[in-house]
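# An overview of the molecular structure
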Amino acid sequence: MKKISLLGATGSIGIQTLDVIAAHPEEFKLVAMSFGSNYKSGSEIIKKFKPQFVAVKDKETYDHLKQELSGESVKIGYGQEALIEAAVFDGVEILVNAVVGSVGLIPTLKAIENKITIALANKETLVTAGHLVTEHAKKYNVDILPVDSEHSAIFQCLQGENVKSIERLIVTASGGSFRDKKREELVDVTVEQALNHPNWSMGAKITIDSATMMNKGLEVIEAHWLFNMPYEKIDVLLHKESIIHSLVEFHDRSIIAQLGSPDMRVPIQYALTYPERLSLPEVKGLELWEVGKLHFEKADFNRFRCLQFAFDSGKIGGTMPTVLNAANEEAVAAFLKGSIKFLQIEEFIERAMDKHVCIAQPGLEQIQEVDQRTRKFVQTLIS
Ligand code: NDP
Ligand code: MG
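Just so it is clear, the model here is predicted, and its values are computed rather than measured.

## Considerations on the sheet that holds strand E5 (residues 94-97)
The parallel open sheet is built from seven strands, whose spatial order is E4-E3-E2-E1-E5-E6-E7. A strand with exactly one partner marks an edge of an open sheet, and here the two such strands are strand E4 (75-78) and strand E7 (144-146). Strand-to-strand, the axes of this sheet are offset by a mean angle of 25 degrees, without reference to chain direction. Bridge count between strand E3 (residues 53-56) and E4: four bridges; the pairing is parallel. Residue pairing across strands places alanine 55 opposite glycine 77, the latter belonging to E4. Lying over the sheet, helix H4 (residues 79-87) contacts strand E1 (2-7), strand E2 (28-34), E3, E4 and E5, oriented at roughly 145 degrees with respect to E3.

## Topic: the domain arrangement of the protein
What the domain assignment reports for the protein is domain 1 (2-142), domain 2 (160-261 + 285-308) and domain 3 (317-383). Here the C-alpha centroids of domain 1 and domain 3 sit 26 Å apart. Domain 1 puts twelve residues into the contact, and the matching count from domain 3 is 13 residues. It is Val127, Thr128 and His131 that lose the most area in domain 1 upon contact with domain 3, and together they represent 47% of the buried surface on that side. Across the contact surface, domain 1 and domain 3 share five residue pairs in polar contact (both at pLDDT 80 or more). Of all the secondary-structure elements, those providing two or more residues to the side of domain 1 that touches domain 3 are helix H5 (105-113) and helix H6 (123-139). In terms of residue count, the dominant contributor to the side of domain 1 that touches domain 3 is H6 (seven residues). Residues that form the side of domain 1 that touches domain 3 fall into these classes: six nonpolar, four polar and two charged.

## Let's talk about the pattern of salt bridges
Scanning all chains against the criterion turns up 27 salt bridges. Lysine 341 serves as the salt-bridge partner of aspartate 188, at 2.8 Å between the closest nitrogen and oxygen. With aspartate 188 in the loop between strand E8 (166-173) and helix H8 (191-194) and lysine 341 in the loop between helix H14 (320-336) and helix H15 (342-355), this pair connects stretches of sequence that are 153 residues apart. Note that glutamate 350 is salt-bridged to arginine 305, the shortest N-O span being 2.9 Å. Of this pair, glutamate 350 sits in helix H15 while arginine 305 is found in helix H13 (residues 305-316), placing the two residues 45 residues apart along the sequence. For arginine 305, a relative accessible area of 25% puts it in the partly exposed group. One connected set of salt bridges, linked through shared partners, spans Lys123, Asp148, Glu150, Lys216 and Glu219.

## Overview of the pairing of E8
In terms of residue burial, E8 counts as a mostly covered element, since six of its eight residues are buried. Of the strand pairs in this sheet, E8 and strand E10 (residues 244-250) are connected by four bridges, and their pairing is antiparallel. Within E10, the position partnered with isoleucine 170 by the bridge is leucine 247. Here E8 pairs with strand E9 (residues 234-238) via five bridges, running parallel. Bridge pairing links valine 171 to valine 236 in E9.

## Some points on the coordination of the magnesium ion (ligand 2)
Asp148 (OD), Glu150 (OE) and Glu219 (OE) make up the full set of protein donors to the magnesium ion (ligand 2), lying at 2.1 to 2.2 Å. The sequence pattern formed by the donor residues of the magnesium ion (ligand 2) is D-x1-E-x68-E. One end of the pair, aspartate 148, is in the loop between E7 and helix H7 (149-157); the other, glutamate 219, is in helix H10 (residues 214-226), and 71 residues separate them in sequence. Both residues of the pair, aspartate 148 and glutamate 219, belong to the buried class.

Cut-offs applied
- Residues take numbers from 1 onward in each chain, read along the sequence in its written order.
- For naming, the first written chain is A and the first written ligand is 1, with later ones following in the order written.
- With pLDDT at 70 or above as the cut-off, local features in this predicted model cover only qualifying residues; side-chain atom pairs require 80 or more to be listed or tallied, and sums for whole chains, interfaces and linings still use all residues.
- As a rule here, side-chain values come from all non-hydrogen atoms in the structure, and water together with hydrogens is ignored.
- Strands are labelled as partners when DSSP assigns at least two bridges between them.
- In this description a helix means any DSSP run of H or I spanning at least four residues, a strand means any run of E spanning at least two, and both kinds are numbered starting from the N terminus.
- An axis is simply a line fitted to the C-alpha atoms; with a helix, the fit covers only the stretch in contact. Between two such axes, the angle follows the N-to-C directions and lies from 0 to 180 degrees.
- Contacts are residue-level and defined by heavy atoms, with any inter-residue pair within 4.5 Å sufficient.
- Note that domain bounds follow an automatic or database assignment of domains.
- Accessible area that two parts lose when put together, with a 1.4 Å probe and added across both, is what the buried area reports.
- In the analysis that follows, any N or O atom pair within 3.5 Å is treated as a polar contact, provided that within protein one partner can donate a hydrogen and the other can accept it, and provided that, for residues neighboring in sequence, both atoms belong to side chains.
- Note on residue classes: Ala, Val, Leu, Ile, Met, Phe, Trp, Tyr, Cys and Pro are nonpolar, Asp, Glu, Lys and Arg are charged, and everything else, Gly too, is polar.
- What makes a salt bridge here is a side-chain nitrogen of Lys or Arg within 4 Å of a carboxyl oxygen of Asp or Glu, nothing more.
- Burial here depends on accessible area, computed with a 1.4 Å probe over protein chains only, as a share of the maximum for the residue type. Under 20% is buried, over 50% is exposed, and the range in between is partly exposed.
- With water omitted from the atoms examined, metal sites may look incomplete; donors here are N, O and S atoms no farther than 2.8 Å from the metal, or 3.2 Å in the case of Na, K and Ca.

Next up, the structure:
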């Protein structure tokens, strides 16, 4: 029985993680969890899964949740300290980090210090401070197992392989909600249109990131850190069916790919059971004759400028990816609120990166300081 802590339990990845846990009650036990402010959904999860500890975002949510749960014996906390307490709760063996945004960084670092295996969905953590997270994982000899479908695919392709034989990683991209639109057509797109992803049902932030292709950019940086791969050896390939989740090319020009129905429960479960595999009866098997055709296109870096920014920031390194991530988080939140237009997301990221004087090899405090400064800068652009 593996004891699990789940951060972001009420989200898209959180709920699918709970599906996996519920499908194998003899294998997994949820001992701690967190969510932001959705106490209605949170209290239902708590009643069903009976974790011992729950962290919520703020005092207001804490008060609401206490009322909902009168009679339940569960310890509740709020704020950053509680989020950390949930991550490292007594006996936790695997932390599934499925919060959205760089708020996931400190809990991940603390869990690593406590020798807890990390199942990482929260890609912003690796983008904002990849060197700190990977150095920490090495120092404490802790595995970081990818939940993101592309990285899970690459990880699966690499089983039994020598990483020194890798020629390149090929990260596939669906292209998001606007993949068939020209750049000129993006000027007046709405939030509702951007949230309508053709293949995946996900949280709002990552769905917008998919529409701008920043999601793929963040994933390139995530792949750089997870697989210790230079940016020159990471390619992005447009593949609109989301059937091939990514590929690895080796020196002998052999390419290994991982395929499956687009269902996040597969990579989530693989991270929880690795190196074993368990059945997942609810997931639809893949019949390639039903799919018929698979399509591939070269990624266009002028059309999807965020992808270019991500490669640029990754290659510059230091605090530049922190700026990319923080500017993106603020701009996407503003777009979702209707305060800015779609193309202003990339404009504000570019301006934040242009203005930034990069710090090489930043420590945690410098990263947090740059993150806050970038957010303030983008907020002034927004207002
Ligand atoms: P959602 O927006 O659906 O869920 C986010 C979760 O985080 C919710 O439980 C939310 O709580 C909680 N949360 C938000 N802010 C805070 C905060 N300040 N403190 C504590 N908890 C907070 O996101 P997704 O599940 O879509 O994505 C989660 C992560 O996984 C992201 O990093 C994303 O990039 C990554 N990912 C997601 C995929 C997907 O298919 N959805 C695929 C691959 C990666 P509340 O509900 O109360 O707001
Ligand atoms: Mg992905």
